[in-house]
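The primary structure of each chain is shown beneath.
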Amino acid sequence: QVQLVESGGGLVQAGGSLRLSCAASGSISINVMGWFRQAPGKQRELVAGIRSGSSSYYADFAKGRFTISRDNAKNTVYLQMNSLKPEDTAVYYCAAGPRGGWPPDNYGMDYWGKGTLVTVSS
């Protein structure tokens, strides 16, 4: 049983930064964690993923702008987003993949948070 709770979403101006947090509760730490996002009319897509050994994976649009990290002691994963653009506006979801599938995808993740809205204004 794993529960994921996101925080840090909100309104930010274009060019600004935002850091999302995802706290995972459970008896066992999760090997693979990921961030996904979904904008209206679009399919949910992977933003970034990270494994327990700190190996990371990024979608093309996230490379150079976003950074995923984790604090295993706190069972928390973070997504630092810099140089935000209006196109980044979406609901961002935290997901956990205890089976260890890599890279993360929409179907391989077993647990999902409720999502947090990120709105980037121009």
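Our subject is the structure that appears above.
Below: a short report on this structure. Numbers given for residues are sequential positions, taken from 1 along each chain in its written order. Given that the model is predicted, a residue must reach a pLDDT of at least 70 before its local features are reported, and side-chain atom pairs must reach 80 or more before they are shown or counted; all residues, however, enter totals for whole chains, interfaces and linings. Neither water nor hydrogens contribute to the side-chain values; these are computed over all heavy atoms in the structure.

Here the focus is the sheet that holds strand β3 (residues 18-25). Whether two strands pair comes down to DSSP finding at least two bridges between them. Secondary structure elements follow DSSP: runs of H or I no shorter than four residues count as helices, runs of E no shorter than two count as strands, and numbering proceeds from the N terminus. The four strands lie next to each other as β1-β3-β8-β7, forming an open sheet whose pairing is antiparallel. For this open sheet the edge positions go to β1 (3-7) and β7 (66-71), each flanked by a neighbour on one side alone. For this sheet, the mean angle separating the axes of adjacent strands, direction not counted, is 15°. Think of each axis as a best-fit line through the C-alpha atoms, taken over the contacting stretch in the case of a helix, with angles from 0 to 180 degrees between the N-to-C directions.

In this fold, S21 is placed in strand β3. Exposed residues in this analysis have more than 50% of their type's maximum accessible area, buried residues have under 20%, and partly exposed residues fall in between, with area computed by a 1.4 Å probe over protein chains only. With relative accessibility at 16%, the residue S21 sits in the buried group. By definition, residues are in contact when any of their heavy atoms lie within 4.5 Å. Among residues more than four places away in sequence, those in contact with S21 are V5, E6, S7, W35, V77 and Y78.

A word on unusual backbone geometry. Cis geometry is adopted by the peptide bond preceding P103, which originates at W102 and carries an omega value of -10°. Residue position: P103 is located in the loop between β9 (90-97) and β10 (111-112). The phi dihedral of N75 falls on the positive side, at around 50°, and the residue is not glycine. Tracing the chain through its elements places N75 in the loop between β7 and β8 (76-81). Positive phi is not limited to glycine here, since S83 has a value of about 50°. Take S83: its relative accessible area is 42%, and that puts it in the partly exposed class.

Working definition of a disulfide: a covalent bond connecting the sulfur atoms of two cysteines. Pairs of cysteine sulfur atoms within 2.5 Å are what we label disulfides. Per the stated rule, a full pass over the model turns up one disulfide. The side chain of C22 participates in a disulfide bridge whose partner is C94; the two sulfur atoms lie 1.9 Å from each other. Its S-S torsion of approximately -80° makes the covalent link between C22 and C94 left-handed. With C22 in strand β3 and C94 in strand β9, this residue pair connects regions lying 72 residues apart in the sequence. No difference in accessibility class separates C22 from C94, as the two residues are buried.

In this scheme Phe, Tyr and Trp rings, the latter by its six-membered ring, pair at centre separations within 6.5 Å, and the angle between planes marks the pair as stacked below 30 degrees, edge-to-face above 60, and tilted otherwise. Taken as a whole and assessed by the stated rule, the structure comprises two aromatic pairs. Where F36 meets W112, the ring centres are 4.9 Å apart and the plane angle is 55°; that geometry is what we call tilted. Pair noted here: F36 is in strand β4 (residues 32-38) and W112 is in strand β10, with a separation of 76 residues, a long-range link. Assessed through its relative accessible area of 0%, F36 is described here as buried. Between Y57 and W102, the ring centres sit 6.5 Å apart and the planes meet at 80°, which makes this aromatic pair edge-to-face. Here the residue Y57 occupies a position in strand β6 (residues 56-58), and W102 occupies one in the loop between β9 and β10, the gap between them amounting to 45 residues. Think of it as a cone above the ring: NZ of Lys or CZ of Arg counts as a charge over the ring if it is within 6 Å of the ring centre and within 35 degrees of the ring normal. Over the ring of F61 we find R37, and its NZ or CZ is 3.7 Å from the ring centre. Above the plane of the ring of Y93 lies R44, whose end atom (NZ or CZ) is 3.9 Å from the centre.

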